[in-house]
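Structural overview for review
Read off the chains here:
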Amino acid sequence: MAVAGQDDDVSRSCGAGLLSRIDYLHPMTLLACPSCDMLHDVPDLPQGRRAYCLRCNHMLVSGRHTSLDRTLATGFAIAILIVFALFFPFLSIEELGFSNTTTLLGVAAAFLDGWLIPLTLAVTASIVAIPLIRVALLIYALFPIWRGRPPAPHAARAFRWSEALRPWSMAEIFVLGAAVALVKVADLATIGFGPAFWAFCAAVFIIAFERQITDAASIWSMLDNEP
Amino acid sequence: MNVLTAREAGLVSCHRCELVHDQGVARCRRCHAHLSSRKPYSLQRVWAWLIAGIVAYIPANLYPMLVTRQLGTTHEDTIVGGVIVLADTGAYGIAGIVFFASVVVPLSKFGVIALLAWSVTRPNSLSQHSRLHLHEVIEFVGRWSMIDVFVVALLTALVQLGAAASVHPGPAAVCFALSVVFTMLSAQAFDPRLIWDRPDTSPKET
Ligand SMILES: [Zn+2]
Ligand SMILES: [Zn+2]
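Everything quoted here is computed from the prediction, not taken from an experiment.

1. Here's the deal with the interface of chain A and chain B
Counting from both sides, the interface comprises 64 residues of chain A and, opposite them, 69 residues of chain B. When chain A packs against chain B, the two sides together hide about 6,000 Å² of surface, and 74% of this comes from carbon and sulfur. Put simply, chain A and chain B have two salt bridges between them. Among the ionic pairs, Glu172(A) bridges to Arg143(B), the shortest N-O distance being 2.8 Å. Where chain A meets chain B, there are 15 residue pairs in polar contact (both at pLDDT 80 or more). Those elements giving two or more residues to the side of chain A that touches chain B turn out to be strand 3 (30-32), strand 7 (91-95), strand 8 (98-102), helix 2 (104-108), helix 3 (117-146), helix 4 (155-164), helix 5 (171-186) and helix 7 (216-223) of chain A. Considering every element that reaches the side of chain A that touches chain B, the biggest residue donor is helix 5 of chain A, with 11 residues. The residue inventory of the side of chain A that touches chain B, partitioned by class, reads 42 nonpolar, 11 polar and 11 charged.

What follows is the structure, encoded as structure tokens:
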């Protein structure tokens, strides 16, 4: 077994200090690389130090430490902004005396013509429901720990789902889609931005930030005390 | 390098939370996910979702994505047609984004997934590192193909101006969304550990 290659951004000590022992006594420090299955004995690293797989260079330890304060704050902010965006005007359009205003729910319900309904479900899920469910699961898993209580029942399961849903949360792709749509109608009509548009953009930025500051491994170790 | 994998050591690491267990344990003791050393039926599922994705992509390009009614005239745009319209109006950047997300990404994704799934069962000239890198890239960019579906949803909801102009979704929107979802499932079904389970037969890098 090998000691994981560590790195403090500059120097990389790959291959140094190979150990050939199997340490069953400390299973918590034993990590299998998620992308190549190579076993590593990862020592306790000071914050900010990363560890990489010796074979495939996949990052094993991000060196970040999740701050519950910040992760929970971003979680609540995302939930509030998305719920706000649901009920206020998203975009409005005006041309030749006709005008129309749409909300986020209107966008999600754009495909209500019979056989297009599956698309409505997919759009609603990917831009509203899944981002909200993710945040709700995250808060459910972390809030009791933040209060200094034991983890809620099934907290680890909730966090697992929150992570598994990540690729299906597509709020940021929707915002880029909105930019494309605006270019398409820009010379057709006059466009107005509603408060929901800005709230949703803010939510997308905070989701990206949440991803940056949340380190799954450190949350897993907090959840380890689950009964 | 002396490589010992979890499987060789009689261990299995949880695919979700990375906790290491002894082989034979059914569920992760931390997050309760099903444990398996390799994703079960990985290659079969990769191929099945991939074929579904390719099949859905064909009508997605043949049928109209967007139907525009403007002052009595009806105009239907396919995916590529929409890109051409954008480029004609001078919005080259946006046209480029849509072309990249709707044509380049899906097609290269089909190719890369097929290449990955094909190459784990055969000796090949592509190094393990470049295959792993391809897999990471494809997992990251695949979702962005959804952009055109969101454009259609937004335009449909927004441009409802009675006789002046209205926009309706075409059948291609459903096919395209399905194609993106199927290829995402295909990429997720691929287990990168399979790349490393065979000894590397490619010429060694120096
Ligand atoms: Zn590795
Ligand atoms: Zn687990």
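2. Describing the domain arrangement of chain B
Looking at chain B, the domain boundaries give domain 1 (1-37) and domain 2 (41-196). A separation of 34 Å is found between the C-alpha centroids of domain 1 of chain B and domain 2 of chain B.

3. Remarks on the layout of surface pockets
As a volume, the second largest pocket reaches approximately 430 Å³. Around the second largest pocket, the lining is made up of 18 residues, and of these Lys184(A), Val185(A), Leu188(A), Thr68(B) and Val85(B) lie nearest the centre. Mapped onto the lining of the second largest pocket, the elements with two or more residues apiece are helix 5 of chain A together with strand 3 (66-70), strand 4 (73-77) and helix 2 (79-88) of chain B. For the lining of the second largest pocket, the per-class residue count stands at nine nonpolar, six polar and three charged.

4. What to know about the sheet that holds strand 7 of chain A
All names here are of chain A. One open sheet holds the three strands; their spatial order is 8-7-9, and the pairing between them is antiparallel. Each end of this open sheet is capped by a strand with a single partner; those strands are strand 8 and strand 9 (190-193). Recorded for the sheet is a direction-independent mean angle of 15 degrees between the axes of neighbouring strands. As paired strands, strand 7 and strand 8 are joined by five bridges and run antiparallel to one another. Considered in strand 8, the bridge of Glu95 is made with Phe98.

5. Structural notes on the packing of helix 5 of chain A against helix 5 (residues 147-158) of chain B
Helix-helix packing is characterised by the crossing angle of the two axes and by the distance between the axes. Direction vectors running N to C along helix 5 of chain A and helix 5 of chain B enclose 55 degrees, while the axes themselves pass 8 Å from each other. Considered as vectors, helix 5 of chain A and helix 5 of chain B are oriented oblique to each other. As helix 5 of chain A runs across helix 5 of chain B, the sense of the crossing is right-handed. Along the contact surface, helix 5 of chain A presents Ile173(A), Phe174(A), Leu176(A), Gly177(A), Ala178(A), Val180(A), Ala181(A), Lys184(A) and Val185(A), while helix 5 of chain B presents Ile147(B), Phe150(B), Val151(B), Leu154(B) and Leu155(B). Residue classes in the contact of helix 5 of chain A with helix 5 of chain B are distributed as 12 nonpolar, one polar and one charged.

6. Comments concerning the sheet that holds strand 3 of chain B
Residue and element names in this part refer to chain B. Strands sit in the order 4-3-5 across an open sheet of three strands; the sheet is antiparallel. The open sheet has two free edges, formed respectively by strand 4 and strand 5 (165-169), since each of these has just one partner strand. The sheet shows a mean angle of 20 degrees between the axes of neighbouring strands, direction not considered. In terms of strand pairing, strand 3 meets strand 5 through five bridges, oriented antiparallel. When the bridges of strand 5 are listed, Leu66 appears paired with Pro169.

7. What about the coordination of the zinc ion (ligand 1)?
Residue and element names in this part refer to chain A. Only Cys33 (SG), Cys36 (SG), Cys53 (SG) and Cys56 (SG) from the protein reach the zinc ion (ligand 1) as donors, at distances of 2.2 to 2.3 Å. The coordination sphere of the zinc ion (ligand 1) comprises four donor atoms, whose angles at the metal cover 102 to 115 degrees; the geometry is tetrahedral. Donor residues for the zinc ion (ligand 1) sit on one chain with the sequence pattern C-x2-C-x16-C-x2-C. Taken together, the residues Cys33 in the loop between strand 3 and strand 4 (39-41) and Cys56 in the loop between strand 5 (50-52) and strand 6 (59-61) connect sequence positions 23 residues apart.

8. Looking at the coordination of the zinc ion (ligand 2)
By definition of the ideal shapes, four donors in a tetrahedron about a metal sit 109.5 degrees apart, and six donors in an octahedron sit 90 or 180 degrees apart. Residue and element names in this part refer to chain B. In the first shell of the zinc ion (ligand 2), the protein supplies Cys14 (SG), Cys17 (SG), Cys28 (SG) and Cys31 (SG), at 2.2 to 2.3 Å from the metal. Each of the four donor atoms around the zinc ion (ligand 2) contributes to a set of angles spanning 102 to 116 degrees, which defines the coordination as tetrahedral. For the zinc ion (ligand 2), the single-chain donor residues occur in sequence as C-x2-C-x10-C-x2-C. With a relative accessible area of 1%, Cys14 lands in the buried category.

9. Looking at the UniProt feature "transmembrane region" (unreviewed entry) in chain B
All names here are of chain B. UniProt annotation of "transmembrane region" (unreviewed entry) refers to residues 46-66, 91-120, 141-165 and 171-190 when read in the numbering used here. Secondary structure across residues 46-66 divides into 81% helix and 5% strand, with the first and last C-alpha atoms of the span separated by 31 Å. The distance from the first to the last C-alpha atom of residues 171-190 is 30 Å, and the span holds 95% helix and 0% strand.

10. With respect to a nonpolar patch on the surface
Residues and elements named next belong to chain A. Together, Val83, Phe84, Phe87, Phe88 and Leu105 make up a nonpolar patch on the protein surface, roughly 450 Å² of accessible area in all. Sort the elements by how many residues they give to the nonpolar patch and helix 1 (residues 68-87) lands first, with three residues. Mapped onto the secondary structure, Phe88 falls in the loop between helix 1 and strand 7.

11. Description of unusual backbone geometry
Even without glycine at this site, His154(A) takes up a positive phi of about 60 degrees. Considering the arrangement of structural elements, one finds His154(A) in the loop between helix 3 and helix 4. A positive phi angle, close to 70 degrees, is found at Glu18(B), a residue other than glycine. Structurally, the position occupied by Glu18(B) is in the loop between strand 1 (11-13) and strand 2 (20-22). Glu18(B) sits in the partly exposed class, given a relative accessible area of 26%.

The rules behind the values
- Residues numbered from 1 in each chain as written.
- Chains lettered and ligands numbered in written order.
- Predicted model: local features only at pLDDT ≥ 70, side-chain atom pairs only at ≥ 80, totals over all residues.
- Heavy atoms only, no water.
- Contact = heavy atoms within 4.5 Å.
- Buried area = accessible area lost by both parts, 1.4 Å probe.
- Salt bridge = Lys/Arg side-chain N within 4 Å of Asp/Glu carboxyl O.
- Polar contact = N/O pair within 3.5 Å; in protein donor to acceptor, adjacent residues only side chain to side chain.
- Helix = DSSP H or I, 4+ residues; strand = E, 2+ residues; numbered from the N terminus.
- Nonpolar A, V, L, I, M, F, W, Y, C, P; charged D, E, K, R; others polar.
- Domains from an automatic or database assignment.
- 1 Å grid on protein atoms, 1.4 Å probe; cavity = no way out; pocket = protein on both sides within 12 Å on 5 of 7 lines; lining within 4 Å.
- Points joined across faces, edges and corners; volume = space filled by probe spheres on them.
- Pairing = 2+ DSSP bridges.
- Axes fitted to C-alpha atoms, helices over the stretch in contact; angles between N-to-C directions.
- Parallel < 35°, antiparallel > 145°, perpendicular 65-115°, else oblique.
- Left-handed = near helix turned anticlockwise from the far one by under 90°.
- Donors = N, O, S within 2.8 Å, 3.2 Å for Na, K, Ca; no water.
- Tetrahedral: all angles 85-135°; square planar, octahedral: opposite > 155°, others 65-115°.
- Buried < 20%, exposed > 50% of the residue type's maximum accessible area, 1.4 Å probe, protein only.
- UniProt positions renumbered as here; feature names shortened; annotations may be inferred.
- Patch = residues over 30% accessible without salt bridge, like charges linked within 9 Å, V, L, I, M, F, W, Y side chains within 5 Å.
- Areas by Shrake-Rupley, 256 points an atom, 1.4 Å probe, with all protein chains shown as cover.

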